[in-house]
Amino acid sequence: MSETVNALVLAGGRSTRLGRDKVALPVDGRPLLARMVALAARHAARVWVSGRDPGPLGLAAPWLPDDSPGMGPLGGILTGLRRVGGPLLVLACDLPLLDDAALARLLAGRAARPGGAVMTTFRQSATGRIEPLVAVYEQAAAPLLAAAAAQGLYKLARAIPPEARHDLPCAAHEADAFLNINFPADLERLERLQPQAPQPGTGGPTKG
């Protein structure tokens, strides 16, 4: 199989907990989904959007509707592996602090994965939690995802067992890269973490 890496940005959430459509949130001067598509495009040959048609949002990326809706991210990833193939770089749409350095490290880790690993992702050293929505899925992950879906098991951390993963350790000080926007409190945290932009007429950030 070709080793060309393609990407899938997952944008199927309804943002009910946030109370507004997260894909349209302005980050770095553009909507969050547009930022994530551009980030993925710098590391993948082609980028698809899963979960919604990006055309009305002003994005030229192709849309990949789920073959079997209602399975959450697992359904989108399984559709991607079936229709696009692997290796497939999968990113959630709501990661405003994820950057090029993290993706470069992920892809380098994927290239050095041990035999039998069908998923490469980050694992939080402090909690043991993995980041299945910042991950590379190999084509061989598709049967595992399909088997889990057939059992009604949609949690990715359980669908891909530890022995089939290549986990890259992530220290506590690196965890901000995986901040995802689900609640208003997450937006408040993002504002605290982001550098303050210069105010008009000041020539620099305000102090206080």
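Computed from a predicted model, the values in this text were never measured in an experiment.

Right, let's get into the overall build of the protein chain. When you go through the protein chain residue by residue, the secondary structure sums to six helices and nine strands. Counting the 208 residues in the protein chain, one finds 47% classified as buried. The long-range share in the protein chain, meaning contacts at least 24 apart out of those at least 6 apart in sequence, stands at 66%.

As a further point, take the packing of helix 2 (residues 73–83) against helix 4 (residues 141–150). Close contact between helix 2 and helix 4 brings their axes to 10 Å; oriented N to C, the two are set at 140 degrees. Taken together, the axes of helix 2 and helix 4 are oblique relative to one another. Judged by the twist between their axes, the crossing of helix 2 over helix 4 is left-handed. Contacts between helix 2 and helix 4 involve Leu 74, Ile 77, Leu 78, Leu 81 and Arg 82 from the first element and Ala 141, Ala 142, Leu 145, Ala 146, Ala 148 and Ala 149 from the second. Of the residues assigned to the contact of helix 2 with helix 4, the class counts are ten nonpolar, no polar and one charged.

Note that Ser 125 resides in the loop between strand 7 (119–124) and strand 8 (130–137). You can call Ser 125 partly exposed: its relative accessible area is 45%. In contact with Ser 125, other than residues within four places in its own chain, are Pro 169, Cys 170 and Ala 171.

Where a protein is soluble and globular, its nonpolar side chains tend to be buried together. Leu 33, Leu 98 and Val 134 are the most contacted members of the largest nonpolar core, which has 37 residues in total. The set of elements that each furnish at least two residues to this core consists of strand 1 (6–10), helix 1 (32–41), strand 4 (47–50), strand 6 (88–92), helix 3 (100–111), strand 8 and strand 9 (165–170). Examining the composition of this core, we find that seven residues originate from one element, helix 1, more than from any other. Excluding its chain neighbours within four sequence positions, the residues that come into contact with Leu 33 are Val 9, Ala 11, Val 23, Val 49, Leu 57, Leu 59 and Cys 93. In this structure, Leu 74, Leu 88, Val 90 and Leu 153 belong to the second largest nonpolar core, which totals 26 residues.

Quick notes on the rules
Residues numbered from 1 in each chain as written. Predicted model: local features only at pLDDT ≥ 70, side-chain atom pairs only at ≥ 80, totals over all residues. Heavy atoms only, no water. Helix = DSSP H or I, 4+ residues; strand = E, 2+ residues; numbered from the N terminus. Buried < 20%, exposed > 50% of the residue type's maximum accessible area, 1.4 Å probe, protein only. Contact = heavy atoms within 4.5 Å. Axes fitted to C-alpha atoms, helices over the stretch in contact; angles between N-to-C directions. Parallel < 35°, antiparallel > 145°, perpendicular 65-115°, else oblique. Left-handed = near helix turned anticlockwise from the far one by under 90°. Nonpolar A, V, L, I, M, F, W, Y, C, P; charged D, E, K, R; others polar. Core = buried A, V, L, I, M, F, W, Y, C linked by side-chain atoms within 4.5 Å.

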